[in-house]
Amino acid sequence: MKQQVAFQIDQNDNVATALMELTAASVKLRGDAKQKYILASENIPQGHKIALKDIKSGQQIIKYGIVIGQATQDIKQGQWVHLHCMASLYDERSSQLDVKTGVPQDIKYE
Amino acid sequence: MQWQGFLRKDDKLGIRNRVLVIYTVECSAFVAREITRLSASLDVECIGFAGCTDNEYAVRLLISLIRHPNIGGVLVVGLGCEYIQPEWLANIAAEAGKENAWLFIQQEGGTAATIKRGTVLVKDMLAELQQTRRASMQLADLVIGAECGGSDYTSGLAGNVVVGRFFDNLVEAGGTAIFEEIVEAIGLLNLLKERALNPEVEAKLVYTYQKALAYCKSVRQYSVSPGNFAGGLSTIEEKSMGAFIKSGTKAIKGVLKVAEKPPEAGLWLLDSTPDPHWMQFGITNPNDSEGLIDLISAGCHLVFLVTGRGSVVGSAVAPCLKITGNSDTYQKLIDDMDFNAGKVLTGECTLAESAAELSKMVAAVAAGSLTKSEELGHKEYFIPYKYQEKTLTLPPKCKL
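What counts and how
- Residues numbered from 1 in each chain as written.
- Chains lettered and ligands numbered in written order.
- Predicted model: local features only at pLDDT ≥ 70, side-chain atom pairs only at ≥ 80, totals over all residues.
- Heavy atoms only, no water.
- Helix = DSSP H or I, 4+ residues; strand = E, 2+ residues; numbered from the N terminus.
- Rg over C-alpha atoms; globule rule 2.2 N^0.38 Å.
- Buried < 20%, exposed > 50% of the residue type's maximum accessible area, 1.4 Å probe, protein only.
- Contact = heavy atoms within 4.5 Å.
- Expected span 1.5 Å × (residues − 1).
- Polar contact = N/O pair within 3.5 Å; in protein donor to acceptor, adjacent residues only side chain to side chain.
- Pairing = 2+ DSSP bridges.
- Right-handed = clockwise from strand over helix to strand, strands pointing away.
- Buried area = accessible area lost by both parts, 1.4 Å probe.
- Salt bridge = Lys/Arg side-chain N within 4 Å of Asp/Glu carboxyl O.
- Nonpolar A, V, L, I, M, F, W, Y, C, P; charged D, E, K, R; others polar.
- Axes fitted to C-alpha atoms, helices over the stretch in contact; angles between N-to-C directions.
- Parallel < 35°, antiparallel > 145°, perpendicular 65-115°, else oblique.
- Left-handed = near helix turned anticlockwise from the far one by under 90°.
- UniProt positions renumbered as here; feature names shortened; annotations may be inferred.
- Core = buried A, V, L, I, M, F, W, Y, C linked by side-chain atoms within 4.5 Å.

A. Region of interest: the overall build of chain A. Counting secondary structure elements, chain A contains zero helices and nine strands. Listing the helices and strands of chain A from first to last along the sequence gives β-β-β-β-β-β-β-β-β. Whereas a compact globule of 110 residues would reach a radius of gyration of roughly 13 Å, chain A reaches 14 Å, a difference of no more than 12%. Overall, the C-alpha framework of chain A stretches about 50 × 30 × 20 Å when taken along its three principal axes. Counting the 110 residues in chain A, one finds 45% classified as buried. Taking all contacts inside chain A whose residues are at least 6 apart in sequence as the whole, residues at least 24 apart take part in 39%.

Structural data, given as structure tokens:
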């Protein structure tokens, strides 16, 4: 099987970006990573984020070394981190979008 | 790296020598587009403002494009009853030492007569522009703008990162870099403050940031779209950081308004967000083409559009160079993409090598080679009604 790779931008980040679609298996970390490998616990689409450590509900999600949002539920190391388990500190609407397609679900256009 | 530019009356240098056909109201747009089409030259482009009632912002923007160093001649086409006066715009072109003419469709005798006269005028201008004086030009003479569109996870990992490094190099070489999209700095107030050249600039950045945030709150829309989320971005903060990286690491010298030229070389932020007004906020950043024309209005010779998911647009007045950080997108849209920054992610080259490669491409385009969107005939622009102050003046301290 091809080696799965994710990219950690800053060493303080608690998420990394999947450079390919990940399945539940070992993932090599590139970039500014403290640990060399992480175990993905579920399928994660390309470009989406994987949790590098356990993150409790309400805790900050860190990428680029800055806060990009907060957890809305407990997240385990190796899990997929996206709209279903984290939210912006500014934008309330984006949490309502479809987790896979990003399509708006909060407005009935007709 | 040196090449020959087009010398203008104000001693500024252009990298193209184009004729701009301008419509002053939607009613004259068809005739202006037909004149452009029948001129059958890559160097003739059409642009205009659709509104009949007055809008200072749009007029300032048109004036800035008339004065743009890439423009050598201007034909203004009006219907005859709108607020924006073609003769007045043609006079501005004359003052700037450019070929100029204007027409009122009502005076010329309708569609066919105006198109006929217009195409002759444009043909004469193109002939005159063969005589434009040339002068040597280098990186330090360039003003380059950057914005992103169709962002995905690669934008913040590669596309904008390479542009950021290139901007650092450009500023070090004595050139001018402009980035925009303050609405895509939401969540990054502290980072913005750290990048200010001095406390006065810091106050301007904070003011502009707070205005953008108030704007986003009031229209309930942040600058993030379904495709961004599907591509793996979860929040505006995450997208912001990916976008802000394109500004590189140099100190920000100040905040420009649309149609305002940077007073000196270096790195500048362009604020295209509407200012609060009796008409309230309009919609900002309706699309990428608006952002690009805003950058061009500030004098950019060349604009970068950094995309992850892919885009096909180009721009009038200044060539648009499309950069992607996503190697799959680069292959899939190979006829539209100019530059693959994704090689940084796959490990094919380093960040420094990629930025150097981009410098070479910029010099080639500045010397006359066509970008992919120019080859395909893309000439997009978008000029909406908007209210904006001419320049940023901070309110008295007690109000901040």
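On we go from here.
B. Here's a closer look at helix 8 (residues 199-219) of chain B. Residue and element names in this part refer to chain B. Here helix 8 spans 30 Å end to end across 21 residues, near enough to the 30 Å set by a 1.5 Å rise per residue. Here helix 8 starts with a cap whose side-chain oxygen sits 3.1 Å from the backbone nitrogen of Glu200, and that cap is Asn198. Phi turns positive one or two residues past the end of helix 8, at Arg220, with a value near 55°.

C. Focus on the pairing of strand 8 (residues 143-148) of chain B. Residues and elements named next belong to chain B. For strand 8, a buried count of six out of six residues is recorded, marking the element as mostly surrounded by other parts of the structure. Here strand 8 shows two buried faces, one formed by Val143, Gly145 and Glu147 and the other by Ile144, Ala146 and Cys148. The pairing of strand 8 with strand 9 (residues 176-179) spans four bridges and is classified as parallel. When the bridges of strand 9 are listed, Ala146 appears paired with Phe179. Handedness of the crossover joining strand 8 and strand 9 through helix 6 (residues 153-172) is recorded here as right-handed. In terms of strand pairing, strand 8 meets strand 12 (residues 302-307) through five bridges, oriented parallel. In the strand pairing of strand 12, Gly145 is matched with Val303.

D. How the structure looks around the interface of chain B and chain A. If you look at the interface, chain B gives 28 residues, while chain A gives 33 residues. Taking both sides of the interface into account, the surface hidden between chain B and chain A amounts to around 2300 Å²; carbon and sulfur atoms contribute 60%. In terms of surface lost to chain A, no three residues of chain B exceed Tyr153, Phe229 and Glu237 of chain B, which account for 24% of the buried area on that side. There are two salt bridges connecting chain B and chain A. Across the salt bridge formed by Glu238 of chain B and Lys63 of chain A, the nearest N and O atoms sit 2.7 Å from each other. One can count 13 residue pairs in polar contact (both at pLDDT 80 or more) joining chain B with chain A. Elements with a contribution of two residues or more to the side of chain B that touches chain A: helix 6, helix 8, helix 9 (226-230) and helix 10 (236-244) of chain B. At five residues, helix 10 of chain B tops the list of elements feeding residues into the side of chain B that touches chain A. Of the residues contributing to the side of chain B that touches chain A, the split by class is 17 nonpolar, eight polar and three charged.

E. Just the packing of helix 1 (residues 29-39) of chain B against helix 5 (residues 111-129) of chain B, in detail. Residue and element names in this part refer to chain B. Two numbers describe how helix 1 lies on helix 5: the axes approach to 9 Å, and their chain directions differ by 45°. As the angle between them shows, helix 1 and helix 5 are arranged oblique. Of the two elements, helix 1 crosses helix 5, and the hand of that crossing is right-handed. Where helix 1 approaches helix 5, its residues Phe30, Val31, Glu34, Ile35, Leu38 and Ser39 are matched on the opposing element by Thr111, Thr114, Ile115, Gly118, Thr119 and Val122. Looking at side-chain class alone, the contact of helix 1 with helix 5 contains six nonpolar, five polar and one charged residues.

F. Representation of unusual backbone geometry in the model. All names here are of chain B. Although it is not a glycine, Glu181 sits at a positive phi angle of roughly 75°. Along the chain, Glu181 falls in the loop between strand 9 and helix 7 (189-194). Positive phi values are uncommon outside glycine, yet Val317 reaches one of about 75°. Here Val317 lies in the loop between strand 12 and strand 13 (320-324). Judged by relative accessible area, Val317 falls into the buried class, the value being 0%.

G. Looking closely at the sheet that holds strand 7 (residues 66-71) of chain A. Judged by pairing direction, the sheet is antiparallel, and its three strands sit side by side in the order 6-7-9 (chain A) without closing on themselves. Edge positions in the sheet fall to strand 6 (60-63) and strand 9 (86-87) of chain A, since each of these pairs with one other strand and no more. In terms of strand pairing, strand 7 of chain A meets strand 9 of chain A through two bridges, oriented antiparallel. Bridge pairing in strand 9 of chain A places Ala71 of chain A opposite Met86 of chain A. Each of strand 6 and strand 7 of chain A touches helix 10 of chain B; the most contacted strand, strand 7 of chain A, lies at about 160° to it.

H. The arrangement of the UniProt feature "domain: D-galactarate/Altronate dehydratase second" (unreviewed entry) in chain B in detail. In the numbering used here, UniProt assigns the "domain: D-galactarate/Altronate dehydratase second" (unreviewed entry) feature to residues 5-129 of chain B. Annotation note: span residues 5-129 of chain B, helix share 44%, strand share 24%, distance between end C-alpha atoms 13 Å.

I. Fine view of the nonpolar core. Residues Ile61 of chain A together with Leu142, Ile144, Phe167, Phe304, Ile323 and Leu358 of chain B are the most contacted members of the largest nonpolar core, which totals 71 residues. Looking at this core element by element, the count peaks at seven residues for helix 8 of chain B. In contact with Ile144 of chain B, not counting residues within four places along its chain, are Phe166, Phe167, Leu170, Thr176, Ala177, Ile178, Cys300, Leu302, Phe304 and Val362 of chain B. Core analysis: the next-biggest nonpolar cluster, separate from the first, contains 62 residues, Ile35, Leu103, Ile115 and Ala318 of chain B among them.

J. Examining the environment of Val143 of chain B more closely. Residue and element names in this part refer to chain B. Along the chain, Val143 falls in strand 8. A relative accessible area of 13% means that Val143 is categorised as buried. If we ignore the near neighbours within four places in the chain, the residues touching Val143 are Thr176, Ile178, Gly299, Cys300, His301 and Leu302.

K. Structural context of the UniProt feature "domain: SAF" (unreviewed entry) in chain A. Taking the UniProt record as the reference, the feature "domain: SAF" (unreviewed entry) is found at residues 24-87 of chain A. Regarding residues 24-87 of chain A, the helix share stands at 0% and the strand share at 41%, and the terminal C-alpha atoms are separated by 24 Å.

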